[in-house]
Amino acid sequence: MLNVKSISKQYHKHAILNNISFQIKPGEIVGLIGENGAGKSTLLKIIATLEQASSGDVELFEQGYAKNRKALRKYIGYVPQDIAIWEELTVAENMLFFEKLSFQSKSSEELKQLCLDMNLQKWNEPVKTLSGGMKRKLNLAITLIHEPSILLLDEPTVGIDLKSKKEIGSYLFKQAKEKNRMIIYTSHDMDEITELCDRAICIGEDTFYPEILKNTGKEIISL
Ligand SMILES: Nc1ncnc2c1ncn2[C@@H]1O[C@H](COP(=O)(O)OP(=O)(O)OP(=O)(O)O)[C@@H](O)[C@H]1O
Ligand SMILES: [Mg+2]
């Protein structure tokens, strides 16, 4: 269970997040939506332990971040909005490098399979020769190495072709439903949100997104 408790964040006195609270249960996929600058990435970074909230706390499995920040990292997988991989290394070398840093040991075969699950076949190619979408797939595969209980995905499918998007979506859906993982997913693609997510959390002032999702039958929480 993830429990976000009254999180607020200011940058240089400029309020970004204002008293945000919600809970997520294992097996749930939640879409985080809102206009550019609403604070989605900021909120994901706070849940990923990479930013500190100005006030409030987050609890994962009933342990607060304020006291257990480092210990909780092994449960968390985070795909940043900007791709973070080694350009000069091959896909295989990247996977092996991040496996060494990870909390879970995996064989080369298992790592290769993770890439195939993301529909990424270019195991021996240098990353700098991959397309933008392929790099995103690699970023996703890297995040799954340590089998995180909660996956925080910041626009993970931008630039990914529709077929791969659907395949990755159904893979993530299975991860949540069969392995009881929690997923928070940001996207500006409302079709993707309605197809994949159990409910949507909308942040920011703009009522545009809740309006759009109103007739989809999904639960929408405006915070
Ligand atoms: N490190 C920082 N220092 C100062 N301001 C920041 C910092 N990071 C983000 N911001 C500001 O916080 C606000 C929210 O940014 P954030 O990246 O969380 O938005 P977002 O909802 O993810 O937007 P997008 O849809 O464009 O990705 C923006 O006004 C941004 O300029
Ligand atoms: Mg963002």
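Residues numbered from 1 in each chain as written. Chains lettered and ligands numbered in written order. Predicted model: local features only at pLDDT ≥ 70, side-chain atom pairs only at ≥ 80, totals over all residues. Heavy atoms only, no water.

Heads up, the condition is: UniProt positions are given in the numbering used here, feature names are shortened, and annotations may be inferred rather than shown by experiment.
Within an unreviewed UniProt entry, the label attached to the protein chain reads ABC transporter ATP-binding protein, and the organism entered is Ornithinibacillus xuwenensis. Regarding the protein chain, the UniProt comment filed under Sequence similarities (unreviewed entry) reads as follows: "Belongs to the ABC transporter superfamily."

**A word on the site of ligand 1**
What counts, and what does not: Being near a molecule or strand, for a residue, means having at least one of its heavy atoms within 4 Å of it. By the criterion applied in these results, polar contacts are pairs of N or O atoms within 3.5 Å in which, for protein atoms, one can donate a hydrogen and the other can accept it, and in which residues neighboring in sequence qualify only through two side-chain atoms. Here the accessible surface of atoms and residues is derived via Shrake-Rupley with a 1.4 Å probe, and residues count as covered only by protein chains that are part of the display. Put simply, DSSP marks the helices as runs of H or I at least four residues long and the strands as runs of E at least two long, and each gets a number from the N terminus on. Residues are grouped as follows: Ala, Val, Leu, Ile, Met, Phe, Trp, Tyr, Cys and Pro are nonpolar; Asp, Glu, Lys and Arg are charged; every other residue, Gly included, is polar.
Neighbouring ligand 1 are 13 residues, the closest being Gly 37, Gly 39, Lys 40, Ser 41 and Thr 42. Asn 36 has a polar side-chain atom sitting 3.0 Å from an oxygen atom of ligand 1. Here an oxygen atom of ligand 1 sits 2.5 Å away from a polar atom, N or O, in the side chain of Thr 42. Taken by itself ligand 1 offers 640 Å² of open surface, and the protein chains cover 64% of this. The biggest single contributor to the shell around ligand 1 is helix H1 (residues 40-47), with three residues. For the shell around ligand 1, the class distribution of residues is three nonpolar, seven polar and three charged.

**A look at the packing of helix H5 (residues 132-144) against helix H6 (residues 162-179)**
The condition that has to hold: For every element, the axis is a line fit to its C-alpha atoms; helices are fit only across the contacting stretch, and the angle between N-to-C directions ranges from 0 to 180 degrees. The scheme is simple: roughly parallel for angles under 35 degrees, roughly antiparallel for over 145, roughly perpendicular for 65 to 115, oblique for anything else. The criterion used for residue contact is that any of the two residues' heavy atoms lie within 4.5 Å.
Between H5 and H6, the shortest axis-to-axis distance is 12 Å and the interhelical angle comes to 10°. Classed by the angle they form, the pair H5 and H6 counts as roughly parallel. Across the interface between the two elements, Lys 137, Leu 140 and Leu 144 of H5 pack against Ser 164, Ile 168, Tyr 171 and Gln 175 of H6. A breakdown of the residues in the contact of H5 with H6 according to their chemical character gives four nonpolar, two polar and one charged.

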